[in-house]
Amino acid sequence: MPVSNPIPGGRTNVRIVVVGDRGSGKSSLIAAAAAETFRQEVPPVLPPTRLPADYYPDNVPIIIIDTSSSLENRGRLAEELKRADAVVLTYACDQPSTLNRLNSFWLHEFRRLEIKAPVIVAGCKLDRRDEEFNLSVEMAPLMQQFREIETCIECSAANMLQIQEVFYFAQKAVLHPTAPLFDQETQTLKPRCVRALKRIFILCDHDMDSALNDEELNEFQVKCFNAPLQPAEIVGVKRVLQEKLPQGVNELGLTLTGFLFLHALFIEKGRIETTWTVLRKFGYNDKLKLRDDYLSVPRKKAPDQSVELTSEAVEFLKGVFSTFDDDKDGVLRSNELEDLFSTAPESPWDEAPYKDAVERTLLRGLSLSGFLSEWALMTSLNPAQSIANLIYIGYNCNASSAINITRRRSVDRKKQQTERNVFQCFVFGPKQAGKSALLMSLLGRPFSVNYTPTTAEQYTVNVVDEPAGNKKTLILREIPEDGVKKLLSDKESLASCDVAVFVYDSSSEKSLKGASELLSYVARQGEESGFGMPCLLIAAKNDLDLYPTANKDSAKICLDMGIDAPIPVSLKERDLNNVFSRIVSAAEHPHLSVPETDFGRNQKRYRQLVSRALMCLSVGAATTFVGLAAYRAYAARKNTSS
């Protein structure tokens with residue numbers, strides 16, 4: 001597969017910093033590359049040097065920074081190293097001490113400074129060496145110890161030998177880095193690279209027979225390299241595979257195993273730009289994720305809008321679920337789920353907040369409901385991630401056909417209805433009130449008598465059946481008591497909240513007081529920000545005896561705030577009192593059960609007074625105008641008659 005000009009990852013330039021011991025040939029190396037001839041006299045430290053875009057085939061200009069190794073310049077040297085895209089580390093071929101200093105000082109210094117740039121080791125003054133030196137043998141232990149070294153090369157400015165190659169390798173290490181694709185130690189493709197190439201293979205396998213035939217190979221070649229493969233080249237590729245990896249090709253064409261083997265072979269042969277060209281043509285960035293411009297995710301126009309999957313995307317996901325449910329038992333087991341996401345950089349649900357957010361089987365399998373719930377949660381929290389993963393697993397339509405941006409909640413409140421299918425509920429409450437137990441009960445998990453304090457936010461999500469037979473997706477987001485102040489410090493924090501519940505231990509007066517204070521605090525924030533929402537009190541632990549004035553106290557709170565009476569539940573005894581249906585119902589009626597604080601009531605009265613005053617002024621002005629007009633008409637008639 002011949003290589004055309006690759007896409008260099010969108011860079012405008014590559015910054016290369018040259019460092020090394022004094023007298024190791026740094027400045028002469030740079031001067032020779034810039035002038036393309038040897039200069040007898042060069043300054044001790046050159047100013048920044050630019051190699052034009054057409055100097056190398058990638059058409060990306062290079063900025064070369066010369067440095068001083070003197071002690072007084074160590075601070076500036078460190079600054080330059082931290083700004084470097086690549087580092088050229090020099091030693092003098094005729095001074096063994098400078099070679100020894102690579103290991104004894106320089107490479108350890110890079111690690112101390114946490115330099116992440118790739119390193120090219122360049123031996124200068126090769127024309128002055130008068131003893132035998134096997135570069136690959138001598139450098140192997142150093143490259144084994146310091147994996148940041150991409151290449152070792154020796155050159156001579158005096159003889160103009162391999163000068164251009166030094167900076168070519170440095171630029172190549174930046175534009176076509178090895179580390180994301182290939183494990184030098186095991187000499188194998190890295191997992192994320194395999195996943196990306198597998199997705200590309202599947203996209204090119206139009207007839208879905210798990211092999212690329214000659215026509216599909218040519219389409220792939222033209223897309224990536226703007227040139228078709230000649231018949232003899234296709235035969236040559238297949239012959240190589242038959243000799244080195246028989247399972248890499250069959251009677252139908254090139255298999256996935258063969259496709260991956262060829263890319264590993266390209267990298268081993270120093271043609272890593274071939275693989276990078278393929279990856280970038282299919283939208284991947286240097287981290288082997290799809291570029292933002294490739295996703296084109298529609299953005300919310302207002303913070304109180306939400307994002308949901310369209311029915312088209314949901315039907316696609318149902319089809320995917322069925323395809324990967326090999327044993328047709330209605331559950332995706334761990335290995336089936338791993339296979340489903342084998343074309344994504346990684347499984348998106350292995351970490352919080354998704355890992356324990358949905359109902360799973362004992363073997364951590366996912367039902368269709370749980371599968372779609374995970375997607376609903378990811379789409380709500382991170383639409384770009386959701387779109388990316390849809391594309392990774394084969395969704396080929398435009399991103400805008402996959403997601404729907406809902407109407408603003410403030411508009412829903414005015415219209416007294418909502419069209420949303422996914423509701424997010426914030427769960428507040430004092431410690432040990434039963435917040436986590438409420439989240440677990442949404443998933444049908446058994447009640448745990450062991451109390452574990454919640455230190456970070458957590459989510460659960462499930463489908464809730466409504467009385468009329470409709471289904472809505474409910475996301476519960478638990479806010480630890482200690483995290484409420486931090487959450488509300490963001491003035492838009494309540495914009496995504498469709499409904500809030502305040503859980504308290506109905507056997508504890510202190511717990512109800514804590515829930516009441518949180519309710520007032522959140523309600524006040526909603527009034528000030530304009531993102532008020534329906535609120536419900538949940539009287540948990542209803543299996544315990546109420547404290548004497550519990551009903552009276554809770555009734556007063558609800559009356560004062562203008563919200564519905566508390567919902568009594570016993571999570572321990574699974575007496576849920578339709579709490580989740582009632583939460584969904586509250587979210588569906590965004591104008592009801594919205595709490596009012598004294599501040600809010602005063603604000604409303606003030607607005608009403610201002611409105612009435614303006615009305616009176618406008619009526620008075622109109623009356624005055626009418627009276628004035630009548631008087632003028634009367635005066636005119638009087639003048640006419642006289």
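For the structure, see preceding data.
What counts, and at which threshold
- Residues numbered from 1 in each chain as written.
- Predicted model: local features only at pLDDT ≥ 70, side-chain atom pairs only at ≥ 80, totals over all residues.
- Heavy atoms only, no water.
- Core = buried A, V, L, I, M, F, W, Y, C linked by side-chain atoms within 4.5 Å.
- Buried < 20%, exposed > 50% of the residue type's maximum accessible area, 1.4 Å probe, protein only.
- Contact = heavy atoms within 4.5 Å.
- Axes fitted to C-alpha atoms, helices over the stretch in contact; angles between N-to-C directions.
- Helix = DSSP H or I, 4+ residues; strand = E, 2+ residues; numbered from the N terminus.
- Parallel < 35°, antiparallel > 145°, perpendicular 65-115°, else oblique.
- Pairing = 2+ DSSP bridges.
- 1 Å grid on protein atoms, 1.4 Å probe; cavity = no way out; pocket = protein on both sides within 12 Å on 5 of 7 lines; lining within 4 Å.
- Points joined across faces, edges and corners; volume = space filled by probe spheres on them.
- Nonpolar A, V, L, I, M, F, W, Y, C, P; charged D, E, K, R; others polar.
- Polar contact = N/O pair within 3.5 Å; in protein donor to acceptor, adjacent residues only side chain to side chain.

Caption draft 1: A look at the nonpolar core. Formed by 70 residues in total, the largest nonpolar core has its most connected members in Leu181, Ile200, Leu279, Trp349, Phe371 and Trp375. Setting aside chain neighbours within four positions, we find phenylalanine 371 in contact with Leu317, Phe321, Leu332, Leu337, Leu340, Trp349 and Leu366.

Caption draft 2: Inspection of the packing of helix α7 (residues 214–225) against helix α10 (residues 272–281) at higher detail. For the pair α7 and α10, the least separation of the axes is 9 Å and the interaxial angle reads 90°. On the basis of their axis angle, the class for α7 and α10 is roughly perpendicular. For the pair α7 and α10, contact is made by Phe220, Lys223, Cys224 and Phe225 and by Thr274, Thr277, Val278 and Lys281, respectively.

Caption draft 3: Region of interest: the sheet that holds strand β19 (residues 535–540). What the 6 strands build is an open sheet, ordered β16-β17-β15-β18-β19-β20; its pairing is mixed. Edge positions in the open sheet fall to β16 (458–465) and β20 (567–568), since each of these has one partner strand only. Summarising the sheet, strand β15 (residues 422–428) and strand β18 (residues 499–505) pair through 4 bridges and their orientation is parallel. Bridging across to β18, phenylalanine 428 finds its partner in phenylalanine 502. Here helix α21 (residues 579–588) sits on the sheet in contact with β15, β16, β17 (471–478), β18, β19 and β20, set at roughly 100° to β17.

Caption draft 4: Up close: unusual backbone geometry. Residue proline 353 follows alanine 352 across a cis peptide bond; omega there is 5°. For glutamate 114, which is not glycine, the phi dihedral falls at a positive 60°. In the Ramachandran plot, serine 210 falls in the positive-phi region, its phi being about 65° despite a non-glycine side chain. One can find serine 210 in the loop between α6 (191–204) and α7. Residue classification places serine 210 among the exposed positions, given a relative accessible area of 52%.

Caption draft 5: Broad picture of the layout of surface pockets. Quantified by volume, the largest pocket comes out at close to 1200 Å³. Surrounding the largest pocket, 42 residues form its lining, Pro118, Arg147, Glu150, Thr178 and Ala179 being those nearest its centre. Elements with a contribution of two residues or more to the lining of the largest pocket: α2 (74–83), α4 (135–145), β6 (149–154), α5 (163–175), β7 (182–183) and α9 (256–268). Looking at the lining of the largest pocket element by element, the count peaks at 4 residues for α5. Looking at the lining of the largest pocket, its residues break down into 19 nonpolar, 7 polar and 16 charged.

Caption draft 6: Spatial organisation of the environment of arginine 420. Looking at the secondary structure, you find arginine 420 in the loop between α16 (409–415) and β15. Separated by 113 residues in sequence, arginine 420 and valine 307 have C-alpha atoms that sit 9.3 Å apart. Leave out the neighbours within four places in its chain, and arginine 420 touches Asp304, Gln305, Ser306, Glu308, Thr406, Arg407, Arg408, Arg409, Asp412, Lys472 and Asp498. A polar atom in the side chain of arginine 420 sits 2.7 Å from the side chain of aspartate 498.

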